[in-house]
Amino acid sequence: MQTQAVIEHIVHWLKDYATKAHAKGFVIGISGGIDSAVVSILAAKTGLNTMLIELPIRQHPDQVNRAQTHMQQLAERFDNVSNLRVDLTPTFNQFVNDNPVDATEFANLDLALANARSRLRMVTLYYYGQLHGLLVTGTGNKIEDFGVGFFTKYGDGGVDLSPIADLTKTQVYQLAKALGVDDSIQTAVPTDGLWDEERTDESQMGATYPELEWAMSVHADHNAADFTGRQQEVFQIYDRLHRAMQHKINPIPVCVIPENLHQ
Ligand SMILES: NC(=O)c1ccc[n+]([C@@H]2O[C@H](COP(=O)([O-])OP(=O)(O)OC[C@H]3O[C@@H](n4cnc5c(N)ncnc54)[C@H](O)[C@@H]3O)[C@@H](O)[C@H]2O)c1
Ligand SMILES: Nc1ncnc2c1ncn2[C@@H]1O[C@H](COP(=O)(O)O)[C@@H](O)[C@H]1O
Ligand SMILES: O=P(O)(O)OP(=O)(O)O
């Protein structure tokens, strides 16, 4: 990958899009992970207003520290960057209290709550985006968004524009290095940080990003029988997730009314 050229291309694309949309800039949720770190630097490099918001919900201190470090570094590097911290833990706790559910009755309660965290963040980002005339800027990469659908529908998947969604996670790491992202973020294990107990992306999906990248690259022209051992296992994981997540990857289905019924 031509890293510098890709950086310039994305920065130009972001600036051009925001200018044509008559937006003043971008608002980005900062988690302490690599994707949001890279996106926020690319946005800052446009020179347009770039608002970074940390939105902890019962967050692990390591993630909070990395997010804070990144936000401070960016505010020092760029005049057009502003920082905000909105602790969503009380909001989330209130939501849980207001919607009591018998955990023994619903095996997917934890998943529903994990996704609710992501959606609370989306609501908050749009609130500040609208107040300040900023576009909610997505942080999903190609593997998450178009490979395995590893994001929350209308949570972190609810965005106005998506600057790194055509880059693999490996390429995001290359950009991070070139952009001077803090080492603590470059070496952090990817996690969605949505669960009370730590769950890494790899532990949730059963495969690493490089493995999923390989599966994505061969998926169209192969089937599982073409491989053996770990490759076959990874191919099957990718295939299962890719099929199950089509409803997130494709536009939502619209019930088209036949022309004669309109009359
Ligand atoms: N970037 C990240 O690392 C990141 C961020 C957020 C979430 N996550 C992970 O992503 C996963 C999200 O879970 P999920 O995919 O179950 O939740 P989701 O809410 O994103 O998608 C499930 C919902 O989609 C709808 N749906 C299901 N099948 C459908 C179909 N065939 N057609 C139309 N709509 C359909 C239903 O409303 C269902 O509740 C979790 O494992 C979470 O931890 C990862
Ligand atoms: N704690 C957080 N504060 C602000 N924004 C966050 C936080 N955690 C996640 N986000 C945003 O959501 C995406 C996806 O997050 P994952 O950690 O990959 O689930 C992240 O890039 C932030 O923009
Ligand atoms: O989306 P982020 O920034 O949280 O990155 P990661 O998923 O690698 O934690």
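As the structure is a computational prediction, the values presented were derived from the model and not from experiment. (Residues numbered from 1 in each chain as written. Chains lettered and ligands numbered in written order. Predicted model: local features only at pLDDT ≥ 70, side-chain atom pairs only at ≥ 80, totals over all residues. Heavy atoms only, no water.)

1. Re the environment of Thr-168
What counts, and what does not: Helical segments are the DSSP runs of H or I of at least four residues, strand segments are the runs of E of at least two, and each set is numbered from the N terminus. Whether two residues are in contact is decided by their heavy atoms: any pair within 4.5 Å suffices.
Residue position: Thr-168 is located in the loop between helix H6 (142–148) and helix H7 (169–179). When the C-alpha atoms of Thr-168 and Gln-73 are compared, they prove to be 25 Å apart, with 95 residues separating the residues in sequence. Contact partners of Thr-168, with chain neighbours within four places excluded, come to Lys-142, Ile-143 and Glu-213.

2. As for the site of ligand 3
Going by this rule: Put simply, a residue is near a molecule or strand once any heavy atom of it comes within 4 Å of that molecule or strand. In protein, a polar contact means a hydrogen-donor-capable atom and an acceptor-capable atom, both N or O and within 3.5 Å, with residues adjacent in sequence counting only if both atoms are side-chain atoms; elsewhere, any N or O pair within 3.5 Å suffices. Accessible surface area values rest on a Shrake-Rupley calculation with a 1.4 Å probe, where residue burial reflects the displayed protein chains alone. Side-chain classes follow a simple rule in which Ala, Val, Leu, Ile, Met, Phe, Trp, Tyr, Cys and Pro form the nonpolar group, Asp, Glu, Lys and Arg form the charged group, and the remainder, Gly included, forms the polar group.
The immediate surroundings of ligand 3 are formed by Ser-31, Gly-33, Ile-34, Asp-35, Ser-36, Glu-144, Lys-169, Pro-190, Thr-191 and Asp-201. Asp-35 places a polar main-chain atom, nitrogen or oxygen, 3.2 Å from an oxygen atom of ligand 3. For ligand 3, whose free accessible area comes to 270 Å², the fraction covered by protein is 87%. Ranked by the residues each element gives to the shell around ligand 3, the list is headed by helix H2 (residues 34–44), at three residues. Of the residues in the shell around ligand 3, the class split is two nonpolar, four polar and four charged.

3. Examining the sheet that holds strand E3 (residues 81–85)
Sheet strands pair via backbone hydrogen bonds, and the direction of the pair is either parallel or antiparallel. This is how it is decided: Between any two strands, pairing holds if DSSP finds at least two bridges. Axis definition: a line fit to C-alpha positions, over the contact stretch in the case of helices; interaxial angles, taken between N-to-C directions, run 0 to 180 degrees.
Pairing within the open sheet is parallel, and its four strands lie in the order E3-E2-E1-E4. In this open sheet, the two strands that pair with only one neighbour each are E3 and strand E4 (134–136). Between one strand and the next, the sheet's axes are offset by a mean angle of 25°, whatever the strand orientation. Across five bridges, the pairing between strand E1 (residues 25–29) and strand E2 (residues 49–54) is parallel. In the sheet register, Val-27 faces E2, and the bridge partner there is Met-51. Each of E1, E2 and E3 touches H2; the most contacted strand, E1, lies at about 165° to it.

4. A closer look at unusual backbone geometry
The backbone phi angle of Arg-58 is positive, close to 45°, even though this residue is not glycine. Along the chain, the position of Arg-58 falls in the loop between E2 and helix H3 (61–77). Although it is not a glycine, Tyr-154 sits at a positive phi angle of roughly 60°. By the secondary structure assignment, Tyr-154 is in the loop between H6 and H7.

5. With respect to the site of ligand 1
Taken together, 17 residues lie near ligand 1, and Arg-119, Lys-153, Asp-192, Gln-204 and Lys-248 sit nearest. Taking Asn-115, its side chain carries an N or O atom lying 3.1 Å from an oxygen atom of ligand 1. Arg-119 places a polar side-chain atom, nitrogen or oxygen, 2.7 Å from an oxygen atom of ligand 1. For ligand 1, whose unbound accessible area comes to 860 Å², protein coverage reaches 63%. Elements that contribute at least two residues to the shell around ligand 1 include exactly helix H5 (109–132), helix H9 (201–205) and helix H12 (246–249). Ranked by the residues each element gives to the shell around ligand 1, the list is headed by H5, at three residues. Taken together, the residues of the shell around ligand 1 sort by class into six nonpolar, four polar and seven charged.

6. Remarks on the UniProt feature "domain: NAD/GMP synthase" (unreviewed entry) in the protein
Where we set the bar: UniProt positions are given in the numbering used here, feature names are shortened, and annotations may be inferred rather than shown by experiment.
Sequence positions flagged by UniProt for "domain: NAD/GMP synthase" (unreviewed entry) are, in local numbering, residues 6–248. Segment residues 6–248 splits into 55% helix and 8% strand. End C-alpha atoms: 26 Å apart.

7. What about the packing of aromatic side chains?
The geometry of two aromatic rings is summed up by the distance between their centres and the angle between their planes. Our working definition: Only Phe, Tyr and Trp rings are paired, with Trp represented by its six-membered ring, and only when their centres lie within 6.5 Å; those with planes under 30 degrees apart are stacked, over 60 edge-to-face, the remainder tilted. Categorising residues by exposure relies on relative accessible area from a 1.4 Å probe, with only protein chains included: less than 20% of the type maximum marks a residue as buried, more than 50% marks it as exposed, and the intermediate range marks it as partly exposed.
This structure, assessed with the given rule, holds four aromatic pairs. A ring pair is formed by Tyr-127 and Tyr-128, whose centres lie 5.2 Å apart and whose planes are at 85°; its orientation type is edge-to-face. With centroids separated by 5.0 Å and ring planes inclined at 80°, the aromatic side chains of Trp-214 and Phe-227 adopt a geometry described as edge-to-face. With Trp-214 in helix H10 (residues 209–218) and Phe-227 in the loop between H10 and helix H11 (229–244), this residue pair connects regions lying 13 residues apart in the sequence. According to the relative accessible area criterion, Trp-214 is partly exposed, its value standing at 23%. With relative accessibility at 11%, the residue Phe-227 sits in the buried group.

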